[in-house]
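Examining the three-dimensional arrangement
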Amino acid sequence: MDVYIGIDVACAKDKYLPIVICTKDNNRLVPLPLTKHPASPPKGFGNAGTLQPELNIAYAKAAREYIELICHGYHLNPIRIGIDAPLKPRANHLQRRFAEQALDKTGISCFTTPSEQDFLKITAKGRAHLKAGKPVPNLPHAMQLWMLAGFAIADELSKLTSCIEVYPQATARYLGIADKHKTTKGQAEQQLHSISQYSGWPASADEWQQLSAICYGATHDKVDAYSAAWVASLPERQRVALGKPEHDDAIWVPALKAPQPTKEHQTFTESDAHTENAAYQRMCPACGEHNFKRWPFGWDAHAAHRCTGLTGHGTESRKAEFKKKFLSPP
Ligand SMILES: [Zn+2]
């Protein structure tokens, strides 16, 4: 039987990797109750672990072996895997990935994936931080390090079958769901409800009960992994690539009407500066850890000192880096 797989990439220490495996049953995408199986997916090594390439490779291999074990055991044939993470670093010559530029146009926020050159600096900084005995929770570039685990997983799983990059937040926007924080109570269920209108699952109270068993993790991790599997299950005519698939730089979303940018994503004008309005709030596109009350006001001070998403040293070079990546016209 053919199966479609979704993975919500994370590397949190001692947390199981959320992996969902689904069959198609009369055109319904039904996930297997994997937490009831004696085998379990690998546990993350934490952000500090991502600084050791051999740990990322071991994590990815264990994920592949887990999928193989389940698939061999039940005679399942993996057709496509949706991965909720960049499959590889940004090309060195781009300021922002093609997929990220496409997301920007629809007003969907996303982090900038560092390039291979950026990652050399980022990992060197991280290793120096640990060597100096500084605390792991303060590890710089925490919002980017997990991507290293994602690259390894994409590499390893492409040995099994084809892998595509998905982004459950973008999928949710294409489904017409508002862009609230994903841990907001009820938000995950609302997302799943919208997906179920297309995927056919869950269709009954009984099936809603089974959500807890489809993989490990919090409810929003389970829904993200199922969302990833759903997009992977769509035939190519029913999904759209944001970015340039011919350059291996695309995020796939369902072929539904593109969302309209909301006011917070439109061009900032001088008069807006005097408006105290939640619509102008924006999460820092570099670190994801700072909320700008009136984007982009205050970007220079944040970039100069606080932002953990930049690679440059010295206030001027940090400001220049931020400006070049996030404030120059596309
Ligand atoms: Zn920042």
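Conventions used here
- Residues numbered from 1 in each chain as written.
- Predicted model: local features only at pLDDT ≥ 70, side-chain atom pairs only at ≥ 80, totals over all residues.
- Heavy atoms only, no water.
- Helix = DSSP H or I, 4+ residues; strand = E, 2+ residues; numbered from the N terminus.
- Contact = heavy atoms within 4.5 Å.
- Pairing = 2+ DSSP bridges.
- Domains from an automatic or database assignment.
- Buried area = accessible area lost by both parts, 1.4 Å probe.
- Axes fitted to C-alpha atoms, helices over the stretch in contact; angles between N-to-C directions.
- Parallel < 35°, antiparallel > 145°, perpendicular 65-115°, else oblique.
- Left-handed = near helix turned anticlockwise from the far one by under 90°.
- Nonpolar A, V, L, I, M, F, W, Y, C, P; charged D, E, K, R; others polar.

A word on the environment of Ala304
Note that Ala304 resides in helix H10 (residues 299-306). Along the primary structure Ala304 and Ala320 are separated by 16 residues, whereas in three dimensions their C-alpha atoms are 9.1 Å apart. Those residues in contact with Ala304 that sit more than four places away from it in its chain are Thr315, Arg318 and Lys319.

Some remarks on the pairing of strand E6 (residues 239-244)
Note: E6 against strand E7 (residues 249-254), six bridges, orientation antiparallel. Paired with Gly243 across the two strands is Ala250, which belongs to E7. The antiparallel pairing of E6 with E7 creates a hairpin that spans four residues between the two strands, and Asp248 there sits at a positive phi of about 55 degrees.

As for the domain arrangement of the protein
By the assigned domains, the protein splits into domain 1 (2-261) and domain 2 (264-327). Spacing between the C-alpha centres of domain 1 and domain 2 amounts to 27 Å. Contacts between domain 1 and domain 2 engage 16 residues on the former and 16 residues on the latter. Of the roughly 1,300 Å² buried where domain 1 meets domain 2, counting both sides, 51% is carbon and sulfur surface.

A short note on the packing of helix H7 (residues 187-199) against helix H9 (residues 219-233)
Running from amino to carboxyl end, H7 crosses H9 at an angle of 25 degrees, the nearest separation of the two axes being 9 Å. Comparing the axis directions of H7 and H9 gives the class roughly parallel. Along this stretch, H7 crosses H9, giving a crossing that reads as left-handed. Residues Ala188, Glu189, Gln191, Leu192, Ile195, Tyr198 and Ser199 of H7 pack against Thr219, His220, Val223, Asp224, Tyr226, Ser227 and Trp230 of H9. Here the contact of H7 with H9 is built from residues that sort into seven nonpolar, five polar and two charged.

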